[in-house]
Amino acid sequence: RIFKIVRFLKKLYMLAYGFIEACKAVFWVTVLMMFVLYICAVVLVRTIGHHKFESPELQSLATNFSDITRTMLTLFEIMSQPDLEQFQPLFNQFPMFGGFLIAFTIFGSFGMIALLTGVISESMFEKNQLRME
C-alpha cells in the first residue's frame, strides 16, 4: 500500500514540477513578448500615430496607434485574435503597414506558441534525462 502511495506521489511530483517549469517558461516568453510589443509600438506611434489623416475613418483607426500604451494593447489584441480586416483602410495609405501586421501576426501568434511549447518540452525532457541518470 505504501508503494502505491509513493508511486502516486512521484507522478504527482512530476506533474507539479512540470507545472512550475511551464510557469517559468510562460513568464520569460511574456517578458520577451512585452519587449517586442514595446519596440513595435514605438515604431508604429512614430509612423502612423503622429500622421494626420484627411478621412475621419482613417483618423479613428490611427487613434489605435496614438500612444505607446494604446498601441501595445492594439498589437496584443492583433496577436491574440488576428483580425486584420478592421485595418484594411490603412493598408492603402501605408502598404508596409499591411506587411508589418501580417509578419507580426505570424510571429506573434504562431511563433510565440511554438516557442513556448518548445521551451516547456525541453525542460520536461531535461527533467526526464536527469531522472533516468
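In what follows, the structure referred to is the one given above.
Residues numbered from 1 in each chain as written. Predicted model: local features only at pLDDT ≥ 70, side-chain atom pairs only at ≥ 80, totals over all residues. Heavy atoms only, no water.

J.: Residues and numbers for the overall build of the protein chain, please.
T.: From N to C terminus, the protein chain includes 5 helices and 0 strands. Counted from the first residue to the last, the protein chain has its helices and strands arranged as α-α-α-α-α. Over its C-alpha atoms the protein chain spans a radius of gyration of 22 Å, topping by over 25% the 14 Å that the globule rule assigns to 133 residues. Here the C-alpha coordinates of the protein chain stretch approximately 75 × 20 × 20 Å along the principal axes. (Helix = DSSP H or I, 4+ residues; strand = E, 2+ residues; numbered from the N terminus. Rg over C-alpha atoms; globule rule 2.2 N^0.38 Å.)

J.: Before we move on, could you go through the environment of K24 and cite the residues and values that matter?
T.: Summarising the element assignment, K24 is placed in helix α1 (residues 2-49). Classification of K24 by relative accessible area gives partly exposed; the value is 45%. As a C-alpha pair, K24 and G111 span 87 residues in sequence and 18 Å in three-dimensional space. (Buried < 20%, exposed > 50% of the residue type's maximum accessible area, 1.4 Å probe, protein only.)

J.: For the nonpolar core, give the residues involved together with the corresponding values.
T.: Soluble, globular proteins show a tendency: their nonpolar side chains are buried together. The biggest cluster of nonpolar side chains holds 26 residues, and the ones touching the most others in it are I48, L75, F87, L90, F97, L101 and F104. Secondary-structure elements contributing two or more residues to this core are α1, α2 (56-62), α3 (68-80), α4 (88-93) and α5 (95-132). Per element, the largest residue contribution to this core is 8 residues, and it comes from α1. Ignoring any residue separated from it by four or fewer positions in sequence, one finds F97 in contact with L44, I48, F65, F87, L90 and F91. (Core = buried A, V, L, I, M, F, W, Y, C linked by side-chain atoms within 4.5 Å. Contact = heavy atoms within 4.5 Å.)

J.: Describe the packing of aromatic side chains, and please don't skip the residues or the numbers.
T.: Going through the model one piece at a time under the given rule, you end up with 6 aromatic pairs. Between F65 and F87, the aromatic rings sit 5.8 Å apart at their centres with planes inclined by 50°, giving tilted as the arrangement. Linking F65 in the loop between α2 and α3 with F87 in the loop between α3 and α4, this pair joins segments that are 22 residues apart in sequence. F87 shares its class with F65; the two are buried. Seen from their ring centres, F91 and F97 are 5.9 Å apart, and the 55° between their planes marks the pair as tilted. (Phe/Tyr/Trp six-rings, centres within 6.5 Å; stacked < 30°, edge-to-face > 60°.)

J.: Please provide a residue-by-residue account of the side chain of T74, values included.
T.: Position of T74 among the secondary structure elements: in helix α3. A distance of 3.3 Å separates a polar side-chain atom of T74 from the backbone oxygen of N64. When neighbours within four sequence positions are excluded, T74 is seen to be in contact with N64, F65 and F87. (Polar contact = N/O pair within 3.5 Å; in protein donor to acceptor, adjacent residues only side chain to side chain.)

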